[in-house]
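What follows is each chain in one-letter form.
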Amino acid sequence: GQQVMQIPQYQHVQEGEDFTTYCNSSTTLSNIQWYKQRPGGHPVFLIQLVKSGEVKKQKRLTFQFGEAKKNSSLHITATQTTDVGTYFCAGPPGNQFYFGTGTSLTVIP
Amino acid sequence: DAGITQSPRYKITETGRQVTLMCHQTWSHSYMFWYRQDLGHGLRLIYYSAAADITDKGEVPDGYVVSRSKTENFPLTLESATRSQTSVYFCASSELGGRLHTQYFGPGTRLTVL
């Protein structure tokens, strides 16, 4: 079954508000990846985190990997309409990849 | 991204029919994957392949068959389609194992089983 849980499932924000999605795994992950899928599109890789407690930034996006390597978060500061889409975390126990259920972000102009 | 393509992009079929979804990548990536995407379930791995002639089951393999005779192709066959297999199917490839390497996704095939 699904080993990577993601919350919330849906999030509506006003443009300019912040947004956070959380990813939790039942097992320790060697690394975690984040993907973005625009409506009608395919998942596109955003970033990978490997180290315990790692924090990485991409412009307005901040990614964190938990100290125990069982959880991760993605925070978007001052959302824009271009941020619309579904954000997935993915973690590999082995060569298989378990994707979280995703958080669908709607940005209201 | 033109590096990984899927065909057809849309397919309507009937219950019981055999359907094959094609996936082709031009990067010579070792690993290839098939996922299905359904509302509320995210992306679920069906099968993956580490190299030509090496395939392994993922999370939801029942009702599907794969083969990989050439590195660049990874077809997915539904031997006898069922309504529960209505879904969007994504093929992906990775330079090495998914563990530490980015997966590149194809545009997807939307399959409807009537």
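The text that follows walks through the structure, step by step, so that each part is easy to find. Fair warning: this is a prediction, and the values are worked out from it, not measured in the lab.

A word on the side chain of Ser93(B)
Residue and element names in this part refer to chain B.
- Within the secondary structure, Ser93 sits in strand S9 (residues 87-94).
- By relative accessible area, which is 0% here, Ser93 ends up buried.
- Separated by 2.8 Å, the side chains of Ser93 and His29 make a polar contact.
- Those residues within four positions of Ser93 in sequence are excluded, and the remaining contacts are Ile4, Gln25, Trp27, His29, Tyr31, Met32, Phe33, Thr102, Gln103 and Tyr104.

A few points about the nonpolar core
- If you look at the biggest cluster of nonpolar residues, it comprises 20 residues, and the most contacted ones within it are Ile32(A), Trp34(A) and Phe63(A).
- Broken down by secondary-structure element, the contributors of at least two residues to this core are strand S3 (19-25), strand S4 (32-37), strand S5 (44-49), strand S7 (61-65), strand S8 (71-76), strand S9 (85-91) and strand S11 (103-108) of chain A.
- Within the second largest apolar cluster, 18 residues are counted, among which are Leu21(B), Tyr64(B), Phe74(B) and Ala81(B).

Digging into the state of the cysteines
- In the structure shown here, the tally under the stated rule is two disulfides over all chains.
- The disulfide bridge from Cys23(A) ends at Cys89(A), spanning 2.0 Å between sulfur atoms. Its S-S torsion of about 75 degrees marks the bond between Cys23(A) and Cys89(A) as right-handed, since a negative value means left-handed. Of this pair, Cys23(A) sits in strand S3 while Cys89(A) sits in strand S9, and the two are 66 residues apart along the sequence.
- Since its relative accessible area comes to 0%, Cys89(A) is described here as buried.
- In this model, Cys23(B) is linked to Cys91(B) through a disulfide, with the two sulfur atoms separated by 1.8 Å. Residues Cys23(B) and Cys91(B) share a disulfide whose torsion about the S-S bond is about -75 degrees; that sign makes it left-handed. Here Cys23(B) is found in strand S3 (residues 19-25), whereas its partner Cys91(B) is found in strand S9, with 68 residues between them in sequence.

Some remarks on the packing of aromatic side chains
- Applying the stated criterion across every chain, the model contains 15 aromatic pairs over all chains.
- Between Trp34(A) and Phe63(A), the aromatic rings sit 6.4 Å apart at their centres with planes inclined by 55 degrees, giving tilted as the arrangement. Linking Trp34(A) in strand S4 with Phe63(A) in strand S7, this pair joins segments that are 29 residues apart in sequence. Comparing Trp34(A) with Phe63(A) shows no difference in burial state: the two are buried.
- Aromatic pair Phe90(B) and Phe105(B): ring centres 6.3 Å apart, planes at 80 degrees, arrangement edge-to-face. You can see Phe90(B) sitting in strand S9 and its partner Phe105(B) sitting in strand S10 (residues 103-105), a full 15 residues away along the chain. Note on accessibility: Phe90(B) and Phe105(B) belong to one class, buried.
- Ring pairing ties together the aromatic residues Tyr35(A), Phe45(A), Phe88(A), Phe99(A), Tyr31(B), Phe33(B), Tyr35(B), Tyr48(B), Phe90(B) and Phe105(B), which thus form one cluster.

Some remarks on the layout of surface pockets
- Roughly 630 Å³ of volume is contained in the largest pocket.
- Residue composition of the lining of the largest pocket, by class: 11 nonpolar, 18 polar and four charged.

Cut-offs applied
For every chain, the first residue of the written sequence is number 1, and numbering continues from 1 along that sequence. To read the labels, note that chains go from A and ligands from 1, taken in the order they are written. Restriction of local features to residues with pLDDT of at least 70 applies here, the model being predicted, together with a cutoff of 80 or more for giving and counting side-chain atom pairs; totals for whole chains, interfaces and linings are based on all residues. Side-chain descriptors were evaluated using all non-hydrogen atoms of the structure, hydrogens and water having been removed beforehand. For helices the rule is a DSSP run of H or I covering at least 4 residues; for strands it is a run of E covering at least 2, with both sets numbered from the N terminus onward. Throughout, exposure labels follow a simple rule: accessible area from a 1.4 Å probe, protein chains only, divided by the maximum for the residue type, with under 20% read as buried, over 50% as exposed, and the rest as partly exposed. The definition of a polar contact used here is a pair of N or O atoms within 3.5 Å, where within protein one atom must be able to donate a hydrogen and the other to accept one, and adjacent residues in sequence count solely through side-chain atom pairs. Only heavy atoms matter for contacts: two residues are in contact if any of them lie within 4.5 Å across the pair. Residues belong to one nonpolar core when they are buried, are Ala, Val, Leu, Ile, Met, Phe, Trp, Tyr or Cys, and are joined through side-chain atoms within 4.5 Å. We call a pair of cysteine sulfur atoms a disulfide whenever their separation is within 2.5 Å. Think of it this way: a Phe, Tyr or Trp ring, Trp meaning its six-membered ring, pairs with another when their centres are within 6.5 Å, and the plane angle makes it stacked under 30 degrees, edge-to-face over 60, tilted otherwise. Throughout, the protein atoms alone are placed on a 1 Å grid, and a set of points is a cavity if a 1.4 Å probe fits but cannot get out or a pocket if it is open with protein on both sides within 12 Å along at least five of seven lines; lining residues have an atom within 4 Å of a point. Grid points are joined across faces, edges and corners, and a volume is the space filled by probe spheres set on the points. Lys, Arg, Asp and Glu make up the charged group, whereas Ala, Val, Leu, Ile, Met, Phe, Trp, Tyr, Cys and Pro make up the nonpolar group; the residues left over, Gly among them, are polar.

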